[in-house]
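What the coordinates show
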Amino acid sequence: MSFGETPITLIGNLTDDPEMKFTEGGAALAKFTIAVTPRTFDRTANQWKDGTTAFYRCAAWRTLAEHVADSLKKGSRVVANGRMRQHDWTTPEGEKRSMLAVEIDDIGASVRFTTVTINPRRATQSGPAANDPWNTAGNPAEPGDEPPF
């Protein structure tokens, strides 16, 4: 993150399936909206009350975009970290417009109200990771093998 950017963490639900696109250069882009509704407990009424829902337009790029499109769908409860970005443009009629959007750096399913299964992508055994005794990618332990400690 660069100096002067506005970091943000969102906890909410996807309003629709992520929309996957590719730029002319081939970079993957997933666009989606996260709805965030604050809840407070009203002690007088002895019940939870929903506040006003805010809708955040979000974008994820490259590998993260592909993982978002493969993993999340409408209604998925997520925890997302990113930064607010302002986008300015001029309409064909010459009107100036702007909007705020969130560029997502990391996102995952919330396990507060459900369970999830993690399917890690396996790395190949080359480079520094190949000599790392803690790296088990592509090298499952044999029955009876002990961890390297």
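Heads up: the structure comes first, above all this text.
Residues numbered from 1 in each chain as written. Predicted model: local features only at pLDDT ≥ 70, side-chain atom pairs only at ≥ 80, totals over all residues. Heavy atoms only, no water.

**Some remarks on the overall build of the chain**
Within the chain one finds one helix and eight strands. Reading the secondary structure of the chain in the N-to-C direction produces β-β-β-β-β-β-α-β-β. Counting over 149 residues, the chain shows a buried share of 23%. Pairs at least 24 apart in sequence give 56% of the contacts found in the chain among residues at least 6 apart. Accessible surface computed for the chain: about 11200 Å², of which carbon and sulfur atoms make up 50%. (Helix = DSSP H or I, 4+ residues; strand = E, 2+ residues; numbered from the N terminus. Buried < 20%, exposed > 50% of the residue type's maximum accessible area, 1.4 Å probe, protein only. Contact = heavy atoms within 4.5 Å. Areas by Shrake-Rupley, 256 points an atom, 1.4 Å probe, with all protein chains shown as cover.)

**Observations regarding the environment of Ala80**
By secondary structure assignment, the location of Ala80 is in strand 7 (residues 77-90). Using a relative accessible area of 1% as the deciding quantity, one classes Ala80 as buried. For Ala80, the residues in contact, after removing those within four places along its chain, are Ile8, Thr9, Leu10, Ile34, Ile104, Asp106 and Ile107.

**What to know about the pattern of salt bridges**
Overall, the coordinates contain ten salt bridges when judged by the stated rule. Of the charged contacts in the structure, one is a salt bridge between Asp50 and Arg39, with a shortest N-O distance of 2.7 Å. With Asp50 in strand 5 (residues 47-50) and Arg39 in strand 4 (residues 39-42), this residue pair connects regions lying eleven residues apart in the sequence. Judged by its relative accessible area of 54%, Asp50 falls in the exposed class. A network of salt bridges, in which partner residues are shared, links Glu5, Arg83, Arg85, Glu103 and Asp105. (Salt bridge = Lys/Arg side-chain N within 4 Å of Asp/Glu carboxyl O.)

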